[in-house]
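Summary of the model geometry
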Amino acid sequence: MKDSPVSSTVDFEKEGIQHGFLKLPHSHDDSAWGSIIIPITVAKNGVGPTILFTGANHGDEYEGPVALFDLANEINPKELSGRVIIIPGMNYPAFQAGKRNSPIDGGNMNRVFPGDPEGNFTQKIADYFTRTLLPLADYVVDFHSGGKTMEFLPFCAAHILEDKKQQSLCIAAMKAFNAPHSVMLLEIDAANMYDTAAENMGKVFISTELGGGGSTTAYTVGIAKKGIRNILRHSGIIKGDMEVDETLNLDMPDDSCYVFSETSGLVEHCVDLGEEVKAGQIVAKIHNLERTGSPSKEYFAGIDGIYTGRHFPGLIAAGDFLGVISVPI
Ligand code: ZN
């Protein structure tokens, strides 16, 4: 396969801390010989595992970037046994534009893995992760949130994996992260996700959904920061006691946990995040925008559980995600 067009200004084997860039040539109207430069920090000390932290895999999800820019400022390589790689803005063009997907090529970073060194910009960045960064890592932590179109109960997630030993290591990492909710996440379509690429390489992989709506709160950023400290301790990269608060363990057993809208219109949420729901209970109504006197369309829970995530904007289109329910374990 062709070499990656991405180069790095940091040396992944060097001891100490380096702040630099991943550089991907991008020739465009405003900069003929320009580049996309993606901020990266590498901190290394002695022998130990490597952890790879990423934020803004989707560019409008902010807890990860906030906590990771902060980590890059605070981290002291002398306190480490191992290596920490920090990339707060993984899909950097999307992050810079405040959008889920790249404004250059429309690329959704979490749908293009394993990537392509000869593909579009998003695919080239993904390929660099697949062939250069993931092989360096033992632990991979990818921060997501609801972005502009969804909101979630703050949770850390692991997946059901064929390799049960790997699955138990991922679950242990999820528990160590110690978000208020720990979810065995059922993806709508796991193909071409960063998650799947990392898991297929045998990595200990966890992700998060921490809030949403295209912004952050002090509470959700605090969860991200505590999770980072805990996973660094759990992996043995830093020393210290785990910070343990109560977590609710949740499962998404099958597709019946998801509710999708089949109508467009105005959303009336009938339950709030964190509420208990019963199968058959109305979770939302969609009102017709175009006329009065037209009955609203009702949407129902398919399963008993906790309302875990929902559509964020006030208006919705047919086919949109409306809500998701997960089941306490
Ligand atoms: Zn995301």
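Glancing now at unusual backbone geometry. Residue Pro114 follows Phe113 across a cis peptide bond; omega there is 10°. For Pro114, the position within the fold is in the loop between helix 2 (92–97) and helix 3 (121–133). Although it is not a glycine, Asn192 adopts a positive phi angle of roughly 70°. Inspection of the secondary structure assignment puts Asn192 in the loop between strand 9 (181–184) and helix 5 (194–200).

Moving on: the domain arrangement of the protein chain. Along its sequence, the protein chain is carved into domain 1 (7–249) and domain 2 (255–328). For domain 1 and domain 2, the distance between their C-alpha centres works out to 30 Å. Approximately 1200 Å² of surface area, both sides summed, lies buried where domain 1 meets domain 2, with 70% of it carried by carbon and sulfur atoms. Area buried by domain 1 at its contact with domain 2 is led by Glu151, Leu153 and Leu186, which between them contribute 43% of it. Counting the contacts that link domain 1 with domain 2 gives one salt bridge. Across the pair Glu151 and Arg310 runs a salt bridge, and its minimum N-O distance is 2.9 Å. Between domain 1 and domain 2 we count four residue pairs in polar contact (both at pLDDT 80 or more) in total. Within the residue set of the side of domain 1 that touches domain 2, elements represented by two or more residues are strand 7 (150–152) and strand 11 (248–251). The leading source of residues in the side of domain 1 that touches domain 2 is strand 7, at three residues. Taken together, the residues that form the side of domain 1 that touches domain 2 break down as seven nonpolar, three polar and two charged.

On to the pattern of salt bridges, then. Taken as a whole and judged by the stated rule, the model has 10 salt bridges. Between Arg100 and Glu61 there is a salt bridge whose closest N-O contact spans 3.3 Å. Residue Arg100 is located in the loop between helix 2 and helix 3, and its partner Glu61 is located in the loop between strand 4 (50–54) and helix 1 (63–74); the two are separated by 39 residues in the primary sequence. On the basis of relative accessibility, which here comes to 2%, the residue Glu61 falls in the buried class. A network of salt bridges, in which partner residues are shared, links Glu151, Asp272 and Arg310.

What follows concerns the nonpolar core. In terms of nonpolar packing, the biggest core is built from 35 residues, with Ile51, Phe53, Leu71, Val84, Phe143 and Leu232 touching the most fellow members. Listed by contribution, the elements that provide at least two residues to this core are strand 4, helix 1, strand 5 (82–87), strand 6 (139–142), strand 8 (155–158), helix 4 (164–177), strand 10 (204–209) and helix 6 (218–234). Sort the elements by how many residues they give to this core and helix 4 lands first, with six residues. Sequence-distant contacts of Phe143, that is, excluding residues within four places in its chain, are made with Phe53, Thr54, Gly55, Ala56, Glu61, Gly64, Leu68, Phe177, Thr208, Leu210, Ala224 and Ile228. Core analysis: the next-biggest nonpolar cluster, separate from the first, contains 33 residues, Ile40, Ala56, Phe95 and Met109 among them.

The coordination sphere of the zinc ion contains the protein donors His58 (ND1), Glu61 (OE), Glu61 (OE) and His144 (ND1), at a distance range of 2.0 to 2.3 Å. Coordination at the zinc ion is irregular, judged from the four donor atoms that bind it and the angles of 57 to 149° they form at the metal. Counting the intervening residues between successive donors of the zinc ion yields the motif H-x2-E-x82-H. Pair noted here: Glu61 is in the loop between strand 4 and helix 1 and His144 is in the loop between strand 6 and strand 7, with a separation of 83 residues, a long-range link. As far as the burial class goes, Glu61 and His144 line up, both buried.

About the cut-offs
- Sequence order sets the numbering: in each chain, residues are counted from 1 along the sequence as written.
- Given that this is a predicted model, residues contribute local features only at a pLDDT of at least 70 and side-chain atom pairs are listed and counted only at 80 or more, while totals for whole chains, interfaces and linings are drawn from all residues.
- Think of the side-chain values as coming from all heavy atoms in the structure, minus any hydrogens and water.
- The helix count covers DSSP runs of H or I at least four residues long, the strand count covers runs of E at least two residues long, and both are numbered beginning at the N terminus.
- Domain extents, as shown, originate in an automatic or database domain assignment.
- Here's the idea: put two parts together, see how much 1.4 Å probe accessible area each one loses, and the total over both is what we call buried area.
- Here, a salt bridge means any Lys or Arg side-chain nitrogen found within 4 Å of an Asp or Glu carboxyl oxygen.
- Polar contacts, as counted here, are pairs of nitrogen or oxygen atoms within 3.5 Å of one another; within protein the pair requires one atom able to donate a hydrogen and one able to accept it, and residues that are adjacent in sequence qualify only if both atoms are side-chain atoms.
- The classification used treats Ala, Val, Leu, Ile, Met, Phe, Trp, Tyr, Cys and Pro as nonpolar, Asp, Glu, Lys and Arg as charged, and all other residues, Gly among them, as polar.
- Partly exposed residues are those whose accessible area sits between 20% and 50% of the maximum for their type, while under 20% is buried and over 50% is exposed, using a 1.4 Å probe and protein chains only.
- As used in this record, nonpolar core signifies buried Ala, Val, Leu, Ile, Met, Phe, Trp, Tyr and Cys residues forming a set joined through side-chain atoms within 4.5 Å.
- Residues count as neighbours in contact if any of their non-hydrogen atoms are within 4.5 Å of one another.
- Ligating atoms shown are N, O and S within 2.8 Å of the metal, or 3.2 Å for Na, K and Ca, and water is not included, meaning a site may look less than complete.
- Metal sites are grouped by the angles between bound donors: all angles between 85 and 135 degrees with four donors is tetrahedral, opposite donors over 155 degrees apart with the others between 65 and 115 is square planar for four donors and octahedral for six, and any other pattern is irregular.

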